[in-house]
Amino acid sequence: MPELSSIQFNVVYNMFSFTIATMFASFAFFVLSRQQVASQFRPALIVSALVVGIAGYHYWRIFGSWSDAYTLTGGAYVPTGKPFNDAYRYVDWLLTVPLLLVELVTVLKIEKIKAGSMLTRLVIAAIAMIALGYPGEVAADFTTQAVFFVLSCIPFVYILVVLTGELNKATASMSGDVKSLLSTTRTIVLVTWMFYPVAYLFNMFDVLGSGGEIGVQVGYTIADVTAKALYGFFIYRIAKAKSDELGYRPDGALAV
Ligand SMILES: *C/C=C(C)/C=C/C=C(C)/C=C/C1=C(C)CCCC1(C)C
């Protein structure tokens, strides 16, 4: 592990801290706004809450691991010898990526049988993508990093192709607010998921210095906040717009 300047160490430290706050605040929001949507959309909000709850916990552990991995000596952050644990992130993805797919399929209103088999294929591809990414993430040599990058991109491209197709179909079949919200959600998914392989490349090509460590941590953190919390908020808005269309009124609200 390379030595870090004070700025490098603190950028990552503060971003982890901000992410913990965002994930736990989002957890409270998704739990508390359940009553704002009709009952058939509540499972999607519960899944959103699970995703940010799991991620908040893992960021707490990642934050601790980062603090333990360095110590301030003579104005620079030097490695303490305790390795920074990358595995928290990959374990987090193994749990949260399938849940994010469940969230999306739940609000898309695809026939039950078709949704089930599609979800199974997507989840298998997601697990393959993450499992193939990990050996490259922890490898120190360029060749290993590049080989596992390419392997992981195969299921990744499959997921993007399937999701884009389904989202385009679903968007075309909807109207009004739901349509425009769904089209924004599609953009959020496609752009934020692209961020992960890009952050991985930051590491491979040592972007932002210090062996690529800073670039990759900053990239994954921004991607996680948008792919989990912001995305969850759009899922909530889709559920709310669909509930409004159905004439649902939250308890105690005036029917106007
Ligand atoms: C909440 C976490 C999410 C949405 C994580 C998504 C992760 C990816 C799309 C990761 C993709 C990768 C590649 C396509 C190649 C390099 C290795 C990975 C695992 C970073």
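Described in the following lines is the structure provided in the data block. Note that this is a predicted model, so its numbers are computed, not measured.

Within the fold, N10 resides in helix α1 (residues 6–32). Taking the C-alpha atoms as reference points, N10 and T71, separated by 61 residues in sequence, lie 12 Å from one another.

The next point concerns the pattern of salt bridges. Applying the stated rule across the entire model yields 6 salt bridges. Between K82 and D68 there is a salt bridge whose closest N-O contact spans 3.7 Å. Taken together, the positions of K82 in the loop between β2 (76–79) and α3 (87–108) and D68 in helix α2 (residues 42–69) put the pair 14 residues apart, joining distant regions of the chain. With a closest N to O distance of 3.4 Å, R89 and D224 form a salt bridge. With R89 in helix α3 and D224 in helix α7 (residues 213–245), this pair connects stretches of sequence that are 135 residues apart. In this pair, the class of R89 matches that of D224, namely buried. What you see here is one network of salt bridges that share partners, running through R89, D92, D224 and K228.

This part covers the pairing of β2. In this sheet, β2 lies alongside strand β1 (residues 70–73) in antiparallel orientation, the contact comprising 4 bridges. Its bridge partner lying in β2, L72 is registered against Y77. The turn joining β1 and β2, which pair antiparallel and follow one another in sequence, is formed by 2 residues; a positive phi near 55° is taken by G74.

Bringing the site of the ligand into the picture now. Every one of the 17 residues lining the ligand counts as a neighbour, but M129, S152, F156, Y196 and K228 are closest to it. For the ligand, whose accessible area on its own is 530 Å², the fraction buried by protein is 100%. The set of elements that each furnish at least two residues to the shell around the ligand consists of α3, α4 (112–138), α5 (142–172), α6 (176–204) and α7. If you tally residues by element for the shell around the ligand, the top one is α3, at 5 residues. Across the shell around the ligand, the residue classes tally to 12 nonpolar, 3 polar and 2 charged.

What counts and what doesn't
Residues numbered from 1 in each chain as written. Predicted model: local features only at pLDDT ≥ 70, side-chain atom pairs only at ≥ 80, totals over all residues. Heavy atoms only, no water. Helix = DSSP H or I, 4+ residues; strand = E, 2+ residues; numbered from the N terminus. Salt bridge = Lys/Arg side-chain N within 4 Å of Asp/Glu carboxyl O. Buried < 20%, exposed > 50% of the residue type's maximum accessible area, 1.4 Å probe, protein only. Pairing = 2+ DSSP bridges. Near = heavy atom within 4 Å. Areas by Shrake-Rupley, 256 points an atom, 1.4 Å probe, with all protein chains shown as cover. Nonpolar A, V, L, I, M, F, W, Y, C, P; charged D, E, K, R; others polar.

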